[in-house]
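Commentary on secondary and tertiary structure
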Amino acid sequence: MKKSIYAIAFVLGLTSWNLQASVDIQTWTTSKGTKVLFVEAPELPMIDIELKFDAGSARDNRQPGLASFSANMIGTQTAQLTEQAIADGFNDLGAQFGGDVNRDAASFSLRSLTRADLLNPALDLFEQVINQAAFSETIFQRDRQRLIQRLQQAEEQPARVAQRAFWQGLYGDHPYAHPVSGTVESVESLNIKDLEAFKQRYYVAQNAQIAMVGAISRQQAEKLAEQLTAAMPKGEKPAALAQPKPLTQAQNEPKTEVIDFQSAQTQYFTGQIAVERGHPDYYALFLGNHLLGGSGFASLLVEEVREKRGLVYSVYSYFAPMRVAGPWIAGLSTANNQAMQADEVVKQTLQGFMKDFDEQKLADIKSNLIGGWPLRMDSNRKILGYISMIGFYDLPLDYLDAFPRHIEQLSKAEVLAAWQRHINPDQLFTLMVGLPE
């Protein structure tokens, strides 16, 4: 999604956090039924706010790109303000307004200093931009043409083609299958009434969440949350997403798909549908993946594919847990004449890892993860991202403290058992885009 970033009057790098402190997350519900998560951070006179809706591309229904385009139109006009007036308003206050959309959610953020003469008008403007958003036909036509051009350009980029085709191949007819921004054809078919209807359905208090981190009191935070939702329609939560079909039911044998593309390099992905956010096995899967392909030069995939054989510059793997089961993915880019060999080495490395791995390497990875854990929360913005995730996916409030404890307690046998429950190397979906040999 296009990010609407306006000027900022303070230096981003100054934000800090006591690395030894636990994150004290306070939570409550507004009078309209919106979940709120708040962390008081008095170190600097600033606040980060995120308003999130269960309105990601999984809610597109049969109109891929609808959720993303709708979110992009927020901040372009209100009943009283033009696009330029909104931009000037945030600039004059030294505040930042931004937005993002993914498969699960659409979110809008505000960063401001907490001085009343700056924060109060920034909040008023933020609230107006969200709750009084007006969709202009002129801006819609302009932005749709720009989006179509970007999507057409993406069709010439093998990495983008591979990413789109991999999710489609892995998820089939599930709402996670199509690209977040849609396709040229689907975007061409959208009209402004579609976007307005989407906003009215999903941008409602019952489907919203507010996360805040900053130098304000709990009392101020409660007042702020009420202000943001006062004019918002109450609405209702959407139905839960369907679970994607387990790979063992969707496929009876390994599947490899090749898309011919005139390029010197082959873009390569292999993976499976794995677990949802909050699954109890995620800790063991995450830890194991850090050893397999999630820790850069310390990972087994880099050792086998890059260091020993020189097949790639970069190779990686990761889990992407979401509202319902997200994927485990391994990826790389390599010369066409090395693609089949790289595929073979990736799968051999995965199979070897799932049978056994060095106990000392696991200990080193655990030490690295636990030792570096505080750095994942060394700014207000990072903390905002974590508490937003905790609230949206209904994770326990002590998640940030519990995570390193879970990692510390995991044994090699528990890691292997979790991987064997969720990943089957004989039933991977593999995609290559290029001219692989």
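What counts, and at which threshold
Residues numbered from 1 in each chain as written. Predicted model: local features only at pLDDT ≥ 70, side-chain atom pairs only at ≥ 80, totals over all residues. Heavy atoms only, no water. 1 Å grid on protein atoms, 1.4 Å probe; cavity = no way out; pocket = protein on both sides within 12 Å on 5 of 7 lines; lining within 4 Å. Points joined across faces, edges and corners; volume = space filled by probe spheres on them. Helix = DSSP H or I, 4+ residues; strand = E, 2+ residues; numbered from the N terminus. Nonpolar A, V, L, I, M, F, W, Y, C, P; charged D, E, K, R; others polar. Pairing = 2+ DSSP bridges. Axes fitted to C-alpha atoms, helices over the stretch in contact; angles between N-to-C directions. Contact = heavy atoms within 4.5 Å. Buried < 20%, exposed > 50% of the residue type's maximum accessible area, 1.4 Å probe, protein only. Expected span 1.5 Å × (residues − 1). Arc of directions from axis to C-beta. Polar contact = N/O pair within 3.5 Å; in protein donor to acceptor, adjacent residues only side chain to side chain. Phe/Tyr/Trp six-rings, centres within 6.5 Å; stacked < 30°, edge-to-face > 60°.

1. Some remarks on empty space enclosed by the protein
- Going through the model one piece at a time under the given rule, you end up with one cavity of 30 Å³ or more.
- Within this model, the largest cavity holds a volume of roughly 30 Å³.
- Only α13 (359-372) and α15 (399-409) provide two or more residues apiece to the lining of the largest cavity.
- Considering each element in turn, the lining of the largest cavity owes the most residues, three residues, to α15.
- Grouping the constituent residues of the lining of the largest cavity by class yields seven nonpolar, no polar and no charged.

2. Notes on the sheet that holds strand β10 (residues 327-335)
- In spatial order, the strands read β7-β11-β8-β10-β9; together these five strands make up an open sheet with mixed pairing. Here the strands that pair on one side only, and so sit at the sheet edges, are β7 (255-260) and β9 (315-319). Strand-to-strand twist of the sheet, defined as the mean angle between neighbouring strand axes without regard to direction, takes the value 15°.
- Bridging between β9 and β10 involves five bridges; their strand directions are antiparallel. Opposite serine 317, over in β10, you have alanine 330 as the bridge partner.
- Along the sheet, helix α5 (residues 158-171) contacts β7, β8 (265-273), β10 and β11 (429-434); its crossing angle with β8, the most-contacted strand, is approximately 25°.

3. Things to note about unusual backbone geometry
- Phi angles above zero are rare outside glycine, and asparagine 61 is one such case at about 60°.
- Along the chain, asparagine 61 falls in the loop between β3 (46-53) and α1 (66-73).
- Relative accessible area serves as the criterion here: at 67%, asparagine 61 is assigned to the exposed category.
- The phi dihedral of aspartate 394 falls on the positive side, at around 55°, and the residue is not glycine.

4. A look at helix α4 (residues 137-154)
- With 18 residues, α4 extends 25 Å from end C-alpha to end C-alpha; this agrees with the ideal 26 Å at 1.5 Å per step.
- Here α4 has its buried residues at Ile139, Phe140, Asp143, Arg144, Leu147, Ile148, Leu151 and Ala154. Down the axis of α4, the sector holding all buried residues measures 160°, keeping them to one side.
- With a side-chain oxygen positioned 3.2 Å from the backbone nitrogen of threonine 138, the residue opening α4 is serine 136.

5. Points about the side chain of glutamine 128
- Position of glutamine 128 among the secondary structure elements: in helix α3 (residues 116-131).
- Using a relative accessible area of 14% as the deciding quantity, one classes glutamine 128 as buried.

6. Quick look at the packing of aromatic side chains
- A complete count under the given rule lists 25 aromatic pairs for this structure.
- Consider the rings of phenylalanine 166 and phenylalanine 269, whose centres lie 5.5 Å apart with planes at 45°: the pair is tilted. Placement of phenylalanine 166 in helix α5 and of phenylalanine 269 in strand β8 is noted, with a sequence separation of 103 residues between them. As far as the burial class goes, phenylalanine 166 and phenylalanine 269 line up, both buried.
- Their ring planes at 70° and their centres at 5.3 Å tell us that phenylalanine 319 and tryptophan 419 sit as a pair that is edge-to-face. Separated by 100 residues along the polypeptide, phenylalanine 319 in strand β9 and tryptophan 419 in helix α16 (residues 412-422) bring together distant segments of the chain. Each of the two residues, phenylalanine 319 as well as tryptophan 419, counts as buried.

So, to be careful, I would describe these as geometric facts and stop short of saying anything about function.
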